[in-house]
Amino acid sequence: MLRGSGCCLLLLALYSAGAYALESDGDQPIIIDSNTATYDDVKATSTYTGNVISIQGSIRVNSDKLVVYFIDGEADKMVFTGNLAKFKQTPNEGDQDITGEALTGEYYPKKNLLILIDKATVWQGSGAYSSDFIEYDLKTSLVKAGEKESAGKRVHVVLQPKAKEQPAAKGDGK
């Protein structure tokens with residue numbers, strides 16, 4: 001467990017400093033499937049409920065409810081909620097997926113930013129980051145966990161050691 005006081009802002013790269021999201025994710029359309037959908041032209045919002053699945057490139061979010069806020073006809077902000085709404089993203093072809101969950105999430109497609117709020121956890125491989133507030137930059141795979149304003153809220157990180165390689169058996173070679 002990480003220990004800190006005062007400002008608690010943790011900057012961590014989940015996989016490696018060179019890990020980037022699939023370049024094409026931001027250029028892909030956002031596809032949403034749900035049990036119900038409503039659009040409010042006055043508020044420029046669209047609300048989806050019931051087993052909501054939203055996909056943009058390699059990014060997939062499953063939630064109970066999704067509200068999309070539009071500016072000039074484009075999705076500016078997407079708020080998903082649920083009994084632990086879940087997301088998954090492939091950072092690079094061949095890399096392990098980054099997954100996460102939270103009671104509430106905010107996705108900003110133009111900024112490639114995902115904010116997880118309340119009971120939030122992000123995993124990749126054997127690493128896990130948990131807090132009530134996590135920002136995840138989908139393009140650079142940079143995670144910021146914790147809140148500057150509250151020293152009372154903690155960040156919990158688990159870093160598993162890599163499995164040790166067994167030394168090769170020596171033959172007599174003669």
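None of these values were measured; they are calculated from a predicted model.

### Observations concerning the packing of aromatic side chains
Any two aromatic rings considered together are summarised by their centre-to-centre distance and by the angle between their planes.
Part 1 of the argument: As enumerated under the stated definition, the model contains 2 aromatic pairs in all.
Part 2 of the argument: Ring centres of Tyr 39 and Phe 70 lie 6.1 Å apart, and the angle between their planes is 70°; on these two criteria the pair is classed as edge-to-face. Note that Tyr 39 is positioned in strand S3 (residues 36-40) and Phe 70 in strand S5 (residues 59-71), a separation of 31 residues in sequence.
Part 3 of the argument: When its relative accessible area of 25% is taken as the criterion, Phe 70 is described as partly exposed.
Part 4 of the argument: Here Lys 77 stacks its cationic end above the ring of Tyr 69, 5.6 Å away from the centre of that ring.
Part 5 of the argument: Taking NZ or CZ as reference, Lys 111 lies 5.3 Å from the ring centre of Tyr 108, over its face.

### With respect to the nonpolar core
Part 1 of the argument: In terms of nonpolar packing, the biggest core is built from 23 residues, with Phe 80, Phe 87, Leu 114 and Leu 116 touching the most fellow members.
Part 2 of the argument: Broken down by secondary-structure element, the contributors of at least two residues to this core are strand S4 (45-56), S5, strand S6 (74-89), strand S7 (98-108), strand S8 (113-124), strand S9 (127-137) and strand S10 (142-145).
Part 3 of the argument: It is S6 that contributes the most residues to this core, 5 residues altogether.
Part 4 of the argument: Leu 114 has contacts with Phe 80, Phe 87, Glu 106, Tyr 107, Ile 134, Glu 135, Tyr 136 and Leu 138, leaving out every residue within four places of it along the chain.

### Quick look at the side chain of Thr 90
Part 1 of the argument: Here Thr 90 lies in the loop between S6 and S7.
Part 2 of the argument: By relative accessible area, Thr 90 is classed as buried at 19%.
Part 3 of the argument: Here Asp 97 takes part through its side chain, which lies 2.7 Å from a polar atom of the side chain of Thr 90.

### Things to note about the side chain of Ser 131
Part 1 of the argument: Its place among the elements puts Ser 131 in strand S9.
Part 2 of the argument: For Ser 131, the side chain forms a polar contact with the main-chain nitrogen of Gly 146, separated by 3.4 Å.

### Considering the confidence of the model for the chain
Part 1 of the argument: Residues of the chain with pLDDT of at least 70 account for 70%, and the chain-wide mean is 78.
Part 2 of the argument: The least confident element of the chain is strand S1 (residues 10-13), whose mean pLDDT is 29; the most confident is S3, at 97.
Part 3 of the argument: Across residues 1-21 the pLDDT falls below 50, and counting only partners more than four positions away or on other chains, this stretch makes 62 contacts in the model.

About the thresholds
- Residues numbered from 1 in each chain as written.
- Predicted model: local features only at pLDDT ≥ 70, side-chain atom pairs only at ≥ 80, totals over all residues.
- Heavy atoms only, no water.
- Phe/Tyr/Trp six-rings, centres within 6.5 Å; stacked < 30°, edge-to-face > 60°.
- Helix = DSSP H or I, 4+ residues; strand = E, 2+ residues; numbered from the N terminus.
- Buried < 20%, exposed > 50% of the residue type's maximum accessible area, 1.4 Å probe, protein only.
- Lys NZ or Arg CZ within 6 Å of the ring centre and 35° of its normal.
- Core = buried A, V, L, I, M, F, W, Y, C linked by side-chain atoms within 4.5 Å.
- Contact = heavy atoms within 4.5 Å.
- Polar contact = N/O pair within 3.5 Å; in protein donor to acceptor, adjacent residues only side chain to side chain.
- pLDDT = per-residue confidence, 0-100.

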